[in-house]
Structures are given as C-alpha cells and as structure tokens.
Amino acid sequence: MSFIRLKYNIVGDPAVGKTNLVLRFTADSYKEAHEATIGVDFGFKQVTVNDQAFKLQIWDTPGEEKFCCCGSRLYYRGSSCIFFVYDITSKESYERIPYWIEQVTTIGNFGPSGADDCPVFVLIGNKSDLAVNREVSFEQAKKFADKHNMIFTETSAKSSCNVEEVFESTAACVYEKACSMDNPKILIPNFYNNLEDGPKDHKLLSKPVQKKKTCC
Ligand SMILES: Nc1nc2c(ncn2[C@@H]2O[C@H](COP(=O)(O)OP(=O)(O)O)[C@@H](O)[C@H]2O)c(=O)[nH]1
Ligand SMILES: [Mg+2]
C-alpha cells in the first residue's frame, strides 16, 4: 500500500502536555515528571485511515522562548497540520493560544486558517482527566475554534482519551482537504510521490472519511 508522509507541529505553553501527547500516541507511554524539551523532539508513527496509510512525523517543541527553535520558518516548512495545545486546568495557557496562532502564522508565512496555503489548525484542550479542576469550558474553547476555523477536541495524554483519535481524524482531514485542492502539494509536499495515481487523478482518491466517536 502506498503511504503519505505528513508533518505535524505541536505548539503551546510549557507543561500543557505536548511531549506526553506525542509519547502516548507514538509509544503508548506517559511520563509523570515534566522535563523541558530542549530543541526539537521528533515522534514517528504510521496509521491507516479508510484504507489510506499515513506516516506521521511529529515535531514537538519546548514552548519556552529560551529553548525555542520555533522562530524559524524551516520549522514549519512542509507542515500539514498544527496542534495548538492548552491545559484545561489553566486559563492562562488557553489565553496564550492567540499568541501561538499569531507566531505560527507569521513565522510560517501562512494564509489564514482554512486557506489552501495554511496547514490544518487544531485546538486541543489537554488533561481532560482533570475535569474537576477545569478552568476552561468545552463550550468556550469550541466557540473560539469555530471562529478561527480550527478543529477542536479535548484529550488526556494520561488516560489516552482521544489521543489516537485526534491524530487519525486530522490525518484524514488533511488528506480530504488536499484531495479537493488543485495543487495538493501545498498542503502535502510529497502527495504524488507515494501515490500510484498521477496528478490528474488525485481528486478520484477522495472519499468520505469516517471519524471515530470521541470518548471524553
Ligand atoms: N493529569 C494529566 N497530566 C498530564 C497530562 N499530560 C501531561 N501531563 C503532566 O503535565 C506535565 C507536563 O507534561 P509535558 O508533556 O512534559 O508538557 P510539555 O511541556 O507541554 O511538553 C507532566 O507532569 C505530565 O505528567 C494529562 O493528560 N493529564
Ligand atoms: Mg515538552
């Protein structure tokens, strides 16, 4: 089966759970201790959605300017999907999301979210297992995501809730969007390299995506 390589970037304030989301998804593991990520860490995993295989390369970042390498355009080049993560128990981390959107859009030189030359933007409220200490409601975050043309979900890297689902459903969204574009290479740089079908036929590959039900 031919596969499509997709690059993901994960951004957000320190300690919201970015590294653990990658760890949970790629290695089904979890770390209690928070260790600052220095530079960039990569995670890799292959998934199959609707008979289409994807190889995801996930770029995890520190979220602290002093360690940050995410000020470079190279960091976002070729990205298909960007996760903007906050912690549902920290209003402060949620209020920093507009800052992260501004950073990514400016540095990556992307069009507005939803445009062909913009990766799929995803808002993620992590630590849903700590709902008793919630400071950000599901509804307010969903409203923000709708307004900014973003996909929204809540996850728990600790309990695994929605982690696999958000990577798989967004891979399917990226694929669907690319299939509807005249030049899918803007969104998926190696779109044709891994498909038997040539550029003229790419629209034929598009088919409805069955999204998994969420568990949170
Ligand atoms: N309860 C809970 N704690 C989490 C979750 N994800 C991460 N953490 C904890 O939050 C802290 C920061 O996690 P980390 O992945 O290092 O955050 P990063 O700085 O954004 O990469 C660590 O102590 C993790 O164990 C989660 O889903 N639920
Ligand atoms: Mg980290």
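The preceding data block contains the structure.
Residues numbered from 1 in each chain as written. Chains lettered and ligands numbered in written order. Predicted model: local features only at pLDDT ≥ 70, side-chain atom pairs only at ≥ 80, totals over all residues.

Trainee: Please clarify how the pairing of strand S1 (residues 3–12) should be interpreted in this entry.
Mentor: Regular strands place their side chains on alternate faces of the sheet. Counting buried positions along S1 yields eight of ten residues, so the element is predominantly enclosed. Two elements, S1 and strand S3 (residues 52–60), share eight bridges in a ladder whose sense is parallel. Counted as the bridge partner of Leu6 is Leu56 from S3. Here S1 runs beside strand S4 (residues 79–87); their pairing, made up of six bridges, is parallel. (Buried ≥ 20, exposed ≤ 12 C-beta atoms within 10 Å, placed from the backbone. Helix = DSSP H or I, 4+ residues; strand = E, 2+ residues; numbered from the N terminus. Pairing = 2+ DSSP bridges.)

Trainee: I tried to follow helix H4 (residues 97–108) on my own but got confused; where do I start?
Mentor: Count 3.6 residues to each turn of an α-helix, and residues three or four apart come out pointing the same way. Compared with the 16 Å implied by 1.5 Å per residue over twelve residues, the 16 Å span of H4 between its first and last C-alpha is a close match. Downstream of H4 by a residue or two, Asn109 has a phi angle that is positive, lying close to 55 degrees. (Expected span 1.5 Å × (residues − 1).)

Trainee: How should I be thinking about the site of ligand 1 in this particular structure?
Mentor: Taken together, 20 residues sit near ligand 1, with Gly17, Lys18, Thr19, Asn20 and Lys158 positioned nearest. Among the residues forming the shell around ligand 1, the class breakdown is six nonpolar, eight polar and six charged. (Near = placed C-beta within 6 Å. Nonpolar A, V, L, I, M, F, W, Y, C, P; charged D, E, K, R; others polar.)

Trainee: Please explain the pairing of strand S2 (residues 41–49) as it appears in this structure.
Mentor: The pairing of S2 with S3 spans nine bridges and is antiparallel. When the sheet's bridge partners are listed, Gly43 is paired in S3 with Ile58. Remark: two residues form the turn of the hairpin made by S2 and S3, two consecutive strands paired antiparallel; Asn50 in that turn has positive phi of roughly 50 degrees.

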